[in-house]
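# Architecture at a glance
Here is how the chains run, residue by residue.
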Amino acid sequence: MIDRERLGALLRRERAAFADRNPRSAEEYAKAKNLFGRVPMTWMNKNAAGFPLYLATARGATLTDVDGHEYTDFCLGDTAAMAGHAPPATTAAVHEQFARGACAMLPTPDAAWVGEELTRRFGVTQWSFALTATDANRWAIRLLRAITGRPKILFNSYCYHGSVDESLIVLENGVQRSREGNVGAPCDVTTTSRVAEYNDLEGLERELAHGDVAAVVMEPALTNIGIVLPEPGYLEGVRELTRRYDTYLVNDETHTFSAGPGGATRRWNLEPDVVTIGKAIGGGVPAAAYGLSAEITEKIGLKSDLDLIDMGGVGGTLAGNALSIAATRATLEHVLTDEAFTRMEALAERFEAGVRSTIEEHGLPWSVSRLGARVEYRFASPAPRTGTESSGATDPDLEDYLHVYLANRGILLTPFHNMALMSPDTTEAQVDGHTRTFKTAIDELQRA
């Protein structure tokens, strides 16, 4: 369906235009010689045009770069800014708390409020804090291995749980192996982990039957390999199987928080034993949390050999600091409210419809999937049903063309895939701007 020669020519044209319109970003990138990879974090080298844009300001759903260009931001920090950039309520709370002190290693009254609110939203009742979802997952995994005495954690193939060592496992032609590119793995990942395809209950049961899995850690819907939604009965089947095999179930809601105020857990009436979440809850300030069932905390309390105070491998000096807790309270209380999610989802529906209309107009074998306020278009139809299928549906040149084409016209998607996220500040006009520009990009690509 795609003329590859024309795609290549258009991609070269758009990259050249990107370089011409962003000289200051190019200059900043060139002179950053004392940064590993020339960027503050190596992931920032994932871009479609050869160098990243450099940030000047970000407010709401709008971003400005150092060359003075304004963008509608549908990336939103790959979920970290789902509350919008610099939301006023969070900004005010951070300013106020920082003036009073940020890192005293003492609790603040805000923490109890946040724990109660997270319980209301997600159901599990005992909460602790981290700065990243990676750490929230790591610490939850340690606790569950400790109380079960089981060595392994089960993940879905091509899942995303940050940089948790155990999660970098995939299934390839029935063989479990380390995910390609896994950096400096401390051991063979099959020593610590098992893997099953998302939407495959038979494969899940086969792995649980070994009797050595402490917990299944999963996103209720896959997100970072493209949105992969659950088939009817799948999540209910996961819960039934984990209970049958005495295995704990962890829902990582860091990305699936887009499904609603209580993420997919609340939206789909799920019953996990543990919930982990990060990124968006801090409104742009590093914050994360993990919530445990009362049964788990009771079992932890019965084990006198666990050091939860000092050097036991759970916790960190800055976790639960006053600043991140103040930001989290303000974000949950005033920004990412139940009402805000209603509006964000309506915008996502509008975005989805706009993309689908162009796909259908051109008869492309593509699909578009939505999870609440999160939308993604894929170069496959029907939409992939497993992580491995989703990985196989990538087209790097086509993805880069769309990303740089949109960026050159003032629209940003997340750099890792074709994901767009709505915030409380996103407008219908911004969504419609994407619809028009996406259509123009495809019209040019498909022009005879």
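Refer to the structure printed above.
A brief report on the enclosed structure follows. (Residues numbered from 1 in each chain as written. Predicted model: local features only at pLDDT ≥ 70, side-chain atom pairs only at ≥ 80, totals over all residues. Heavy atoms only, no water.)

Our next topic: helix 1 (residues 4–21). Look at helix 1: 26 Å from first C-alpha to last across 18 residues, which is about the 26 Å you get at 1.5 Å a residue. Leu 7, Leu 10, Leu 11, Glu 14 and Phe 18 are the residues of helix 1 that are buried. Buried residues of helix 1 fall within an arc of 105 degrees about the axis and therefore sit on the same side. Facing away from the buried side of helix 1 by over 90 degrees, the exposed positions are Glu 5, Arg 12 and Asp 20. Contacts made by the buried residues of helix 1 are with helix 14 (396–407) and helix 15 (428–446). Two to three positions downstream of the cap, the backbone nitrogen of Glu 5 sits 3.1 Å from a side-chain oxygen, assigning the N-cap of helix 1 to Asp 3. (Helix = DSSP H or I, 4+ residues; strand = E, 2+ residues; numbered from the N terminus. Expected span 1.5 Å × (residues − 1). Buried < 20%, exposed > 50% of the residue type's maximum accessible area, 1.4 Å probe, protein only. Arc of directions from axis to C-beta. Contact = heavy atoms within 4.5 Å. Polar contact = N/O pair within 3.5 Å; in protein donor to acceptor, adjacent residues only side chain to side chain.)

Looking now at the sheet that holds strand 14 (residues 374–378). Taken together, the 3 strands give an open sheet; going across it, the order is 13-14-16, and neighbouring strands pair in antiparallel fashion. Each having just a single partner strand, strand 13 (367–371) and strand 16 (419–421) make up the two edges of the open sheet. Going across the sheet, the axis of each strand differs from the next one's by a mean of 20 degrees, ignoring polarity. With 5 bridges joining them, strand 13 and strand 14 adopt antiparallel strand pairing. Bridge pairing links Arg 370 to Val 375 in strand 14. (Pairing = 2+ DSSP bridges. Axes fitted to C-alpha atoms, helices over the stretch in contact; angles between N-to-C directions.)

Glancing now at the pairing of strand 8 (residues 193–196). Burial along strand 8 is two-sided: Ser 193 and Val 195 facing one way and Arg 194 and Ala 196 facing the other are all buried. Pairing analysis gives 4 bridges linking strand 5 (residues 152–156) to strand 8, with the strands arranged parallel. Counterpart to Ile 153 in the pairing with strand 8 is Ser 193.

So, about the state of the cysteines. According to the stated counting rule, one finds 0 disulfides in the structure shown. Looking at the unpaired Cys 187, the closest cysteine sulfur is the one in Cys 159, lying at 16 Å. Residue Cys 187 is classed as partly exposed on the basis of its relative accessible area, which comes to 33%. (Disulfide = S-S within 2.5 Å.)

Take the packing of aromatic side chains next. By the definition in use, this model includes 11 aromatic pairs. Ring centres 5.4 Å apart and planes at 55 degrees place the aromatic pair Phe 257 and Phe 341 in the tilted group. Taken together, the residues span a long stretch of sequence, with Phe 257 in the loop between strand 10 (248–252) and helix 9 (263–267) and Phe 341 in helix 12 (residues 338–362) at a distance of 84 residues. Just as Phe 257 is buried, Phe 341 falls in that class too. Among the aromatic residues, those joined into a cluster by ring pairs are Phe 122, Trp 127, Phe 257 and Phe 341. (Phe/Tyr/Trp six-rings, centres within 6.5 Å; stacked < 30°, edge-to-face > 60°.)

On to the side chain of Glu 219, then. Position of Glu 219 among the secondary structure elements: in the loop between strand 9 (213–218) and helix 8 (234–244). Dropping the residues within four chain positions of it, Glu 219 is found in contact with Tyr 160, His 161, Tyr 198, Asn 224, Asp 252, His 255 and Thr 256.

What follows is about the pairing of strand 11 (residues 274–277). Residue alternation in strand 11 divides its side chains into two sets, Val 274 and Thr 276 and Val 275 and Ile 277, and both sets are buried. Bridge count between strand 10 and strand 11: 3 bridges; the pairing is parallel. Considered in strand 11, the bridge of Asp 252 is made with Thr 276.

With respect to topology, 4 strands assemble into an open sheet ordered 1-2-3-15, the strand pairing being mixed. Both outer strands of the open sheet, strand 1 (55–59) and strand 15 (411–412), are each paired with one neighbouring strand and no more. Relative to strand 3 (residues 70–73), strand 2 (residues 62–65) runs antiparallel, the two being bridged by 3 bridges. Bridge pairing links Thr 64 to Glu 70 in strand 3.

Attention now goes to unusual backbone geometry. Here Ser 381 and Pro 382 are connected by a cis peptide whose omega angle stands at 0 degrees. As for its position among the elements, Pro 382 is in the loop between strand 14 and helix 13 (387–392). The residue Arg 38 is not glycine, and still its phi comes out positive at about 70 degrees. By the element assignment, Arg 38 lies in the loop between helix 2 (23–31) and strand 1.

Time to look at a nonpolar patch on the surface. A cluster of nonpolar residues, Met 41, Trp 43 and Met 44, forms a patch on the protein surface that exposes about 300 Å² of accessible area. Looking at where Met 41 falls in the secondary structure, it is placed in the loop between helix 2 and strand 1. Met 41 sits in the partly exposed class, given a relative accessible area of 40%. (Patch = residues over 30% accessible without salt bridge, like charges linked within 9 Å, V, L, I, M, F, W, Y side chains within 5 Å. Areas by Shrake-Rupley, 256 points an atom, 1.4 Å probe, with all protein chains shown as cover. Salt bridge = Lys/Arg side-chain N within 4 Å of Asp/Glu carboxyl O.)

Let us look at the packing of helix 14 against helix 15. Running from N to C, helix 14 and helix 15 point in directions that differ by 130 degrees, and their axes come no closer than 10 Å. With respect to their mutual orientation, helix 14 and helix 15 come out oblique. The chirality of how helix 14 crosses helix 15 is right-handed. Contact with helix 14, carried on its side by Leu 398, Tyr 401, Leu 402, Tyr 405 and Leu 406, involves His 434, Thr 437, Phe 438, Thr 440, Ala 441, Ile 442, Glu 444 and Leu 445 of helix 15 and no other residues of that element. (Parallel < 35°, antiparallel > 145°, perpendicular 65-115°, else oblique. Left-handed = near helix turned anticlockwise from the far one by under 90°.)

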